[in-house]
Amino acid sequence: MPLRPVRPPAAALAALLMLATGCTAAGGSSADRAGPGRELSAAELRAAAVADADLGAGYTVTVMTPGHGDTGAGAGREVADVPACQLLLDAVTPATPAASASPAAQAPGYPYAETDLSVARAADPRGGVYGGLLGYRTGRAAVLQAELEKLFGPCAAFTSMAPAPLAEKPGKKAPIRTRHRLNREDTPTPGGADAALGFTLTNESGSAVLSQRAVLARIGPALAVFTTFGVAAEPATAPDEVIVRQQVAKLRAAQAKKE
């Protein structure tokens, strides 16, 4: 999905994206067209990330290592006050290389492979799109999406707590409490995808209000999440359809190739 604290926007994207993703049910049922497609290795998933040439002039893509910017395994992990909503937070939090080998990383929301990316567009300096490509074992992506869809009611409004940044002085670290609100957004299923979810997520910490607009698409055993960010005065806009469409097509093509 989905947008992961103390990280650059791209990694945070995957976190928040998938979080909201799970909470909305726009654009079709998770049971729609259980699409074919093989599981991609970590290297294949990275190779399937959309590139500048796939998007045309004016677009610049940066592919990043999942968890880049973390200060350690589990750093900044958010904990939801509503137990049911923890699945959302776990689903959107990318596993760092160190954490991926731990039992916690094998929880339902964690992918076995992930690639994060950001896309900038010269014509729209504010309209950057952050994405996460998440590989799951066969059948797990659809199950996870269905589980997340059920949480729209109980997780329409909830709070979470995260450890204070490690940069804080010893003895002065206070947990960070964030209020979350989720709203559905009508989102058509992109061609080549099996289902899609759209949502807007707000994160409110003190007087600061951050909005995130996200689209999560399920392509075979993979999930692709796309997020944009905004603030109260300038809410996040829908992710660029060109980016969404091209990324879905590239993932589907990669899954169709023989090993």
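A quick note: this is a predicted structure, and the numbers were derived from the prediction, not measured.

Caption draft 1: Structural view of the nonpolar core. Grouped together as the largest cluster of nonpolar side chains are 23 residues, with contacts concentrated most on Leu55, Val119, Leu133, Ile219, Ile243 and Leu251. Elements with a minimum of two residues in this core: strand E1 (59-64), strand E3 (113-121), strand E4 (124-135), strand E8 (208-219), strand E9 (222-231) and helix H6 (241-256). Of the residues forming this core, the biggest block, five residues, is contributed by H6. Once residues within four sequence positions are removed from consideration, Leu251 is found in contact with Leu40, Leu45, Ala48, Leu133, Ile219 and Ala224. Grouped together as the second largest cluster of nonpolar side chains are 19 residues, Leu87, Tyr136, Cys155 and Phe199 included.

Caption draft 2: Region of the structure containing the confidence of the model for the protein chain. Across the protein chain, the average pLDDT comes to 76, with 69% of residues at or above 70. Here residues 1-34 is modelled with pLDDT under 50, and outside its nearest four sequence neighbours on either side it reaches 171 contacts, counting other chains as well. Taken together, the stretch residues 94-106 has pLDDT below 50 and engages in 22 contacts with residues farther than four places along the chain or on a different chain.

Caption draft 3: Here's a closer look at the state of the cysteines. Tallied over the full model, the rule gives one disulfide. Across a sulfur-sulfur distance of 2.1 Å, Cys85 and Cys155 are joined as a disulfide pair. Residues Cys85 and Cys155 are joined by a disulfide whose S-S torsion is about -115 degrees; by sign, that bridge is left-handed. A residue pair is termed long-range when its members are at least 10 positions apart, and Cys85 in the loop between strand E2 (79-80) and helix H4 (86-92) and Cys155 in the loop between helix H5 (140-149) and strand E5 (157-162) qualify at 70 residues. Since its relative accessible area comes to 0%, Cys85 is described here as buried. Since its relative accessible area comes to 0%, Cys155 is described here as buried.

Caption draft 4: Quick look at the side chain of Arg252. Considering the arrangement of structural elements, one finds Arg252 in helix H6. Side-chain polar atoms of Arg252 contact the side chain of Asp194, separated by 3.0 Å.

Caption draft 5: Spatial organisation of the environment of Lys250. Following the sequence through the fold, Lys250 ends up in helix H6. A C-alpha to C-alpha distance of 6.9 Å links Lys250 and Val50, two positions 200 residues apart in sequence. The contacts of Lys250, once residues within four sequence positions are left out, are Ala47, Ala48, Ala49, Val50, Ala51 and Asp54.

Caption draft 6: Region of the structure containing H5. All of the buried residues in H5 are Ala141, Leu144, Gln145, Leu148 and Glu149. Along the long axis of H5, the arc covered by the buried residues comes to 135 degrees, so they all point the same way.

Caption draft 7: Here's a closer look at the sheet that holds E5. Pairing in this open sheet of nine strands is antiparallel, and the strands run E1-E3-E4-E9-E8-E7-E6-E5-E2 from one edge to the other. Because the sheet does not close on itself, it has two edges, and the strands there are E1 and E2. Together, strand E7 (195-205), E8 and E9 form the strand contacts of H5, whose direction differs from that of E7 by roughly 50 degrees.

Caption draft 8: Structural view of the packing of aromatic side chains. Counted under the stated rule, the structure contains one aromatic pair. Their ring planes at 70 degrees and their centres at 5.4 Å tell us that Tyr130 and Phe229 sit as a pair that is edge-to-face. You can see Tyr130 sitting in strand E4 and its partner Phe229 sitting in strand E9, a full 99 residues away along the chain. For Arg137, the ring lying beneath its charged end belongs to Tyr112, and the centroid distance is 3.9 Å. Here the basic side chain of Arg184 rests over the ring of Phe152, its NZ or CZ set 4.2 Å away from the ring centre.

Caption draft 9: View of the pairing of E5. Where E2 and E5 come together, two bridges link them in antiparallel fashion. Counterpart to Val79 in the pairing with E5 is Met161. Inspection of the sheet shows E5 paired to strand E6 (residues 176-184) by six bridges, in the antiparallel sense. What sits directly across from Ala157, in E6, is Arg181.

Procedures and definitions
Residues numbered from 1 in each chain as written. Predicted model: local features only at pLDDT ≥ 70, side-chain atom pairs only at ≥ 80, totals over all residues. Heavy atoms only, no water. Core = buried A, V, L, I, M, F, W, Y, C linked by side-chain atoms within 4.5 Å. Buried < 20%, exposed > 50% of the residue type's maximum accessible area, 1.4 Å probe, protein only. Helix = DSSP H or I, 4+ residues; strand = E, 2+ residues; numbered from the N terminus. Contact = heavy atoms within 4.5 Å. pLDDT = per-residue confidence, 0-100. Disulfide = S-S within 2.5 Å. Polar contact = N/O pair within 3.5 Å; in protein donor to acceptor, adjacent residues only side chain to side chain. Arc of directions from axis to C-beta. Pairing = 2+ DSSP bridges. Axes fitted to C-alpha atoms, helices over the stretch in contact; angles between N-to-C directions. Phe/Tyr/Trp six-rings, centres within 6.5 Å; stacked < 30°, edge-to-face > 60°. Lys NZ or Arg CZ within 6 Å of the ring centre and 35° of its normal.

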